[in-house]
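# Residue-level structure breakdown
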Protein chains: 4
Amino acid sequence: MRIDLNADVGESFGPYTIGQDAELMSSITSANVAAGFHGGDASTVRAAIRLARTSGVSVGVHPGLPDLAGFGRREMRVSAAEAEDLVLYQLAAVAGVARAEGVTVQHVKPHGALYHMAARSAELAGAIVRAVKAFDASLILFGLPGSEVLKVGRGQGLRVAAEVFADRAYQSDGSLVSRLVPGAVIDDPGTLVRRAVRMVKDRTVVAVDGGVVGLEADSICIHGDTPGAGLLAAHLRRGLEDAGVTVKAIGER
Amino acid sequence: MRIDLNADVGESFGPYTIGQDAELMSSITSANVAAGFHGGDASTVRAAIRLARTSGVSVGVHPGLPDLAGFGRREMRVSAAEAEDLVLYQLAAVAGVARAEGVTVQHVKPHGALYHMAARSAELAGAIVRAVKAFDASLILFGLPGSEVLKVGRGQGLRVAAEVFADRAYQSDGSLVSRLVPGAVIDDPGTLVRRAVRMVKDRTVVAVDGGVVGLEADSICIHGDTPGAGLLAAHLRRGLEDAGVTVKAIGER
Amino acid sequence: MRIDLNADVGESFGPYTIGQDAELMSSITSANVAAGFHGGDASTVRAAIRLARTSGVSVGVHPGLPDLAGFGRREMRVSAAEAEDLVLYQLAAVAGVARAEGVTVQHVKPHGALYHMAARSAELAGAIVRAVKAFDASLILFGLPGSEVLKVGRGQGLRVAAEVFADRAYQSDGSLVSRLVPGAVIDDPGTLVRRAVRMVKDRTVVAVDGGVVGLEADSICIHGDTPGAGLLAAHLRRGLEDAGVTVKAIGER
Amino acid sequence: MRIDLNADVGESFGPYTIGQDAELMSSITSANVAAGFHGGDASTVRAAIRLARTSGVSVGVHPGLPDLAGFGRREMRVSAAEAEDLVLYQLAAVAGVARAEGVTVQHVKPHGALYHMAARSAELAGAIVRAVKAFDASLILFGLPGSEVLKVGRGQGLRVAAEVFADRAYQSDGSLVSRLVPGAVIDDPGTLVRRAVRMVKDRTVVAVDGGVVGLEADSICIHGDTPGAGLLAAHLRRGLEDAGVTVKAIGER
């Protein structure tokens, strides 16, 4: 019984800071480093990688749409070829900076709108998978359970990781309840830990209609943009470990 | 008696095309691929690398200042730390895309204002050299003869290449005559070839005051942004070969 | 019997040139000046306005999505509030530069994906109309015949202009045939003129299935990004005038 | 005896927040609204103007260099023509959005590196002055006492305002001590108020060498990027008013 804890980091830009990289690093096991398209810049990428290295956290690439003003959260109709090239470039940039810092990249997790678009579209998922395979076929590709990203990735021989959200309400079909719906985000630490432990031990979650839903769960995503995210992450990690779960980076033996 | 011919490529951006990449590729031996900061984008980088590969041209990284509107030609007061991170990121991006295309990067040539600022500043030259060494100490660093880039690069154990301009008038101290001075740019094909051959065979150039100036010359830079650049490059290559000069990529045995 | 001829101008960016602004100015009556989001920059905006003024061409604002790499042609899921603010800012920028050049802006024509998204979405059309009314309710709003933009604009008391494409094939429902379909773009000058004259005189076009479709036609759009666009525009204008049509800016008495 | 209190606002970008706009608005009399080049975006500009309007604060334009990653603080070698166009565009954008919000712009204060470069360069100062005059010759131009901006502005018939920094140490020649020198930034509220009152009442400041320096002082700049800036601004305003100084926007009668 083991689980990976991942969070997005390195999303600050120039004078603009966002997220709680330093606070999260003591609790997470995998850091998704932004590559400068939806967030991050050349210096931020490097700083995030150094921070992860010193904290013993595994590094992944977090490629996004080229939309800094929208933080990569606005869907853009990019072609499959554009998506492939965008992802390949971002993989190359972050992995190369990591290599210069003595770090080998472990995984890839698409960001925001790209993540959600590729979850639904086999074409976009294929573009991402092609980019990953062209760059380094040993990288682990993160995606939503049941998403096209996981299906296509697996089909193409990539190692994939299913990601769950302990702080979000689920529909009975296994999809997330929209953030706009009251109660969609769970911020009570106790509830959070109980849900996380259940996700890991039983591979289930209780949906909003009370039904029990099965879920693949290789990694739990922690959102770094909520106030107190660092504390919540620490609480979650301790809760999981107290319940006998091994918290370990996905790529570690 | 051998020489490398280099040109900047991959500087188009989205719908905007610039340069004559395809025309140049049949004549040059080293292509400096822009990395998306002063020019270029994720798809352009990849296309330029593919074109170089098919043309048998060696690939280098052409990092610039983050100033697309100014094409990296406006000096910006970046700190040494910023310059190091900017160059490292761009090295990583282009070299990683190249690797995905089965291409090993040969060299690094800073672009525009970064090139000229680092020629004069030991601090900036040091930043660039640190980035190159951190990323891949086997890369060949291009710079002006007598520049801080070559001095610091050599001092730090990098292989360097001195670059000359067959189409530009020189001062008696070995520096270039400003483009704003009439006669500073040489566009007569015959004169161009004669100057190039002399640069390679005698390692000298006749300055504007008639004096003879000694010059290191490992590579001749060809400007791709002048009309007819492709034809001029072909003419130059043939002229050099007719004079018994071997035209070969700098990194080739 | 009169018609306006409009074209997009001022879409170059820094060192990157696109379009044939100078060639078009002698034939068109209304120039849609890009505002720096999908194309254009501070200097290009001003140069395009000066060129229009000297050529006696009326000036409009051509606001687009903030996507230079995609030239504003990739749909982005912007909210209505974002769209309103984006359009207002671009109206302000171009109209203010125009005022400094002694030019009063005549019209607004959204660009690319924003144009097409707002044609279908009453919500986005409403956002654009709010921006125009907040800035200057006397501006004429351009849109596709039958589009939400024209409907909402009219409903909100704006003066609107229906725009037709003499160089594009039409479906029997009055919509354009996709550019990807062979034959969708008409480049024979004679056919172009005949279609344009018919659009103006009869307010009809022959659709691809042979049927005759009625069309509002206040302005004919000329694409500036095709080779020979300047010549084609001159040919079109002469053809219209020879057929007795008055070619005049939409806002002129 | 009156003084204006100004602060930079509207410098947030997309998801990235910076500054303490809301906290400052209850104390300042003039708000310098960023225009989207060094900071700010279309929605931020509008929100800052609305906030100023509701707070009864006068609005100015805060044009900067096109360098979001460097927050407009890195010097860039822009030509005078480029600077003129950049400033004109930003004036147009902010003033036009303000007009749509029923607000008439009062002043212009260049930002960061542009401010300091133009303080020293008559050529750049001239470019800024030309842009202001072309757009609206009634705008008040802010600058350092003794700067080229004030000299050229006055010489060209603009109304100008000399700006002082109550929280910064001064040299005996009236220039600021670099922020890098310990003690250059004054954060003790009592000292701050005493210096400000003296600047306004005596038009003098005690320099670091103990000498008394004369200073024009039409407006005091409040930095919004220090923690507690809102409280400090409130303290400063109250201190000035308690000392019998009228705190009023520069453009008010």
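Every value quoted in this text rests on a predicted model; they were computed, and no experiment measured them.

So, on to the interface of chain B and chain D. Tallying the contact residues gives eight residues for chain B and eight residues for chain D. Summed over both partners, the interface of chain B with chain D buries about 810 Å², with 49% contributed by carbon and sulfur atoms. Broken down residue by residue, the surface that chain B buries against chain D is led by R74, E75 and R77 of chain B, which jointly contribute 65%. Residue R77 of chain D is joined to E75 of chain B by a salt bridge in which the shortest nitrogen-to-oxygen separation is 3.3 Å. Seen at the junction of chain B and chain D, the total is four residue pairs in polar contact (both at pLDDT 80 or more).

What follows is about the side chain of N6 of chain B. Residues and elements named next belong to chain B. Tracing the sequence through the fold places N6 in strand 1 (residues 2-9). Taking the relative accessible area as the measure of exposure, N6 reaches 0% and is therefore buried. Of note is the side chain of N6, whose polar atom sits 3.2 Å from the side chain of K109. In this structure N6 touches I28, S30, N32, K109, F142, E163, S219, I220, C221 and I222, once residues within four positions along its chain are discounted.

In terms of nonpolar packing, the biggest core is built from 343 residues, with L240 of chain A, L240 of chain B, L240 of chain C together with L240 of chain D touching the most fellow members. Other than its neighbours up to four places away in sequence, L240 of chain A contacts I3, L5, A196, V197, V200, I220, V245 and V247 of chain A.

As a further point, take the interface of chain B and chain A. Interfaces are often sized by the amount of accessible area the parts lose when they come together. Taken residue by residue, the interface counts 22 residues in chain B and 22 residues in chain A. If you look at where chain B meets chain A, you find four salt bridges. The salt bridge involving D85 of chain B is made with R46 of chain A; its shortest N-O contact spans 2.8 Å. Among the elements that make up the side of chain B that touches chain A, the one with the highest residue count is helix 3 (residues 80-100) of chain B (twelve residues). Of the residues assigned to the side of chain B that touches chain A, the class counts are 13 nonpolar, three polar and six charged.

When chain B is fitted to chain A, the best match, at an RMSD of 0.0 Å, comes from turning it 180° and sliding it 0.0 Å along the axis. Seen this way, the second copy is the image of the first under a two-fold rotation axis. Residue A93 of chain B of chain B places its C-alpha closer to the rotation axis than any other residue of that unit, at 2.0 Å. Interface overlap between copies: 100% of the residues of chain B at the interface are likewise at the interface in chain A, consistent with a symmetric, same-surface contact.

This next bit is on unusual backbone geometry. The phi torsion at F71 of chain B lies on the positive side, around 55°, for a residue other than glycine. By secondary structure assignment, the location of F71 of chain B is in the loop between strand 3 (58-62) and helix 3. Relative accessible area serves as the criterion here: at 4%, F71 of chain B is assigned to the buried category. Look at R203 of chain D: it is not a glycine, yet its phi comes out positive at around 55°. Here R203 of chain D shows up in the loop between helix 7 (189-201) and strand 7 (204-206). Owing to a relative accessible area of 31%, R203 of chain D belongs among the partly exposed residues under this scheme.

Rules used throughout
Residues numbered from 1 in each chain as written. Chains lettered and ligands numbered in written order. Predicted model: local features only at pLDDT ≥ 70, side-chain atom pairs only at ≥ 80, totals over all residues. Heavy atoms only, no water. Contact = heavy atoms within 4.5 Å. Buried area = accessible area lost by both parts, 1.4 Å probe. Salt bridge = Lys/Arg side-chain N within 4 Å of Asp/Glu carboxyl O. Polar contact = N/O pair within 3.5 Å; in protein donor to acceptor, adjacent residues only side chain to side chain. Helix = DSSP H or I, 4+ residues; strand = E, 2+ residues; numbered from the N terminus. Buried < 20%, exposed > 50% of the residue type's maximum accessible area, 1.4 Å probe, protein only. Core = buried A, V, L, I, M, F, W, Y, C linked by side-chain atoms within 4.5 Å. Nonpolar A, V, L, I, M, F, W, Y, C, P; charged D, E, K, R; others polar. Least-squares fit on C-alpha atoms with pLDDT ≥ 70 in both.

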